[in-house]
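Chain residues, written in single-letter form:
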Amino acid sequence: MTASLLTRSVFLRPWLIWTAGFVSFPLAGIAGGAVAGRVDSVPAALAGGVITGVVIGAGQSLAGGRRLDPRRWIPATAAGMGLGLLLGALTVGFGTTLADLAVMGALTGLVLGPAQALALPAPARHRAAWAAAIPVLWALGWTLTTLVGVDVERQYTVFGAAGAITVSALSGLLLHRLMPAREPLAHIPGGTA
C-alpha cells in the first residue's frame, strides 16, 4: 500500500464511520421525545436534552473508533445537551421559527461544545476548536432541518437527519484534525500486530 493510499485510508474509513453515526441523532430524538415529550417546558427541555445527549454520546463513542472514552464522552454529552437545550429553549421561549431554532442550536452548542471538549482524551490538540465549532454546527443542524421542511413545530429535542448528517460529516473532519485516527500496525508495511 502506498503512503498516499495509507494516509487516505487512515482518514477516510474513520470519517465515514463517524459520519454514519448520524443515525444516533434521530434515535436520540425519538428517545428524548419518548421520555420528555415536546420541548415546551423547563423539565421537558432538561430531561429531553439529557436523554438525547446520552444516546448521541453513545453513538459518537461507538463511531469514534476508540478515540473517545465513553465513560467521559457520554456523561459530558448528556450534561451538555441537557443544560444547553434548556438554555437555548428558554432563551427563545420554546419557539420554532428558523431564527429561534438557529439561536437555540447555537446556545445548545455553547454549552455542549465545551463539555465535550473537556471530555476529549488528553492527546487531543486544540480543544478550543471543538468548543467553538459545536455552536456553529448545532445552529447549522437546526437551520437545515427547518429548511428541508421537517415539522419543527413539534418541538423536537434535536434536529433531523439532514442536519445530523451534515453536523456529523463536518464534526468528523474536525475530530480527525484534533485526534487523527491511527492505522493498525498490521496494515502498515513492516508493522506487527
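Further up the page is the structure itself.
Residues numbered from 1 in each chain as written. Predicted model: local features only at pLDDT ≥ 70, side-chain atom pairs only at ≥ 80, totals over all residues. Heavy atoms only, no water.

> Just to check I follow, could you spell out the overall build of the protein for this structure?
Each helix and strand in the protein was counted, giving seven helices and zero strands. Buried residues in the protein amount to 47% of all 193 residues. Surface summary for the protein: the accessible area is close to 9000 Å², and the carbon and sulfur share equals 71%. (Helix = DSSP H or I, 4+ residues; strand = E, 2+ residues; numbered from the N terminus. Buried < 20%, exposed > 50% of the residue type's maximum accessible area, 1.4 Å probe, protein only. Areas by Shrake-Rupley, 256 points an atom, 1.4 Å probe, with all protein chains shown as cover.)

> Which parts of the structure should I look at to understand the nonpolar core?
Inside soluble globular proteins, nonpolar side chains tend to come together where they are buried. Counting 39 residues, the largest nonpolar core has Phe25, Leu120, Trp130, Trp138 and Phe159 as its most contacted members. Elements represented by at least two residues in this core include exactly helix H2 (24–36), helix H3 (42–63), helix H4 (70–91), helix H5 (98–119), helix H6 (127–147) and helix H7 (161–178). Other than its neighbours up to four places away in sequence, Trp130 contacts Trp18, Trp73, Gly113, Gln116, Ala117, Leu120, Ser171, Leu174, Leu175 and Leu178. (Core = buried A, V, L, I, M, F, W, Y, C linked by side-chain atoms within 4.5 Å. Contact = heavy atoms within 4.5 Å.)

> Even after reading the chapter, I still don't get the pattern of salt bridges, so can you show me in this structure?
Oppositely charged side chains are able to pair whenever their charged atoms sit close together. Counted by the stated rule, this structure contains two salt bridges. A salt bridge links Asp69 to Arg71, with the shortest nitrogen-to-oxygen separation between them at 2.9 Å. Overall, the relative accessible area of 21% leaves Asp69 in the partly exposed class. One salt bridge in this structure joins Arg154 and Asp151, with 3.5 Å as the shortest N-O distance. On the basis of relative accessibility, which here comes to 46%, the residue Arg154 falls in the partly exposed class. Overall, the relative accessible area of 27% leaves Asp151 in the partly exposed class. (Salt bridge = Lys/Arg side-chain N within 4 Å of Asp/Glu carboxyl O.)

> Is there a simple way to explain the side chain of Ser61 in this structure?
Inspection of the secondary structure puts Ser61 in helix H3. For Ser61, the residues in contact, after removing those within four places along its chain, are Leu68, Pro70, Trp73 and Ile74.

> Any chance you could explain the packing of H6 against H7 here in plain terms?
The axes of two packed helices give the description: the angle between them and the distance between them. Where H6 meets H7, the closest approach of the two axes is 8 Å, and the angle between their N-to-C directions is 165°. Here H6 lies roughly antiparallel to H7, going by the angle between them. Where H6 crosses over H7, the two elements pack in a sense that is right-handed. On H7, the residues that touch Ala129, Trp130, Ala133, Leu137, Trp138, Leu140, Gly141, Leu144 and Thr145 of H6 are Ala162, Gly163, Thr166, Val167, Leu170, Ser171, Leu174, Leu175 and Leu178. (Axes fitted to C-alpha atoms, helices over the stretch in contact; angles between N-to-C directions. Parallel < 35°, antiparallel > 145°, perpendicular 65-115°, else oblique. Left-handed = near helix turned anticlockwise from the far one by under 90°.)

> Before we go on, may I ask you to explain the packing of aromatic side chains in this structure?
To describe a pair of aromatic rings, you give the distance between the ring centres and the angle between the ring planes. Per the stated rule, a full pass over the model turns up five aromatic pairs. Taken together, the aromatic side chains of Phe25, Trp138, Trp142 and Phe159 make up a single cluster linked through ring pairs. (Phe/Tyr/Trp six-rings, centres within 6.5 Å; stacked < 30°, edge-to-face > 60°.)

> Can you help me understand H7 in this one?
Residues three or four positions apart in an α-helix share a direction because the helix packs 3.6 residues into each turn. Over its 18 residues, H7 runs 25 Å from end to end, which matches the ideal 26 Å to within 8%, given 1.5 Å per residue. Along H7, the positions that sit buried rather than exposed are Gly163, Ala164, Val167, Ser168, Ala169, Ser171, Gly172, Leu174, Leu175 and Leu178. (Expected span 1.5 Å × (residues − 1).)

> What should I look at first to understand unusual backbone geometry in this one?
Among all residues save glycine, negative phi is the norm, and among peptide bonds the norm is trans. In this structure, Phe94 takes a positive phi of about 65° despite not being glycine. Structurally, Phe94 can be placed in the loop between H4 and H5. Positioned with a positive phi, His126 is a non-glycine residue whose angle comes to about 55°. Along the chain, His126 falls in the loop between H5 and H6.

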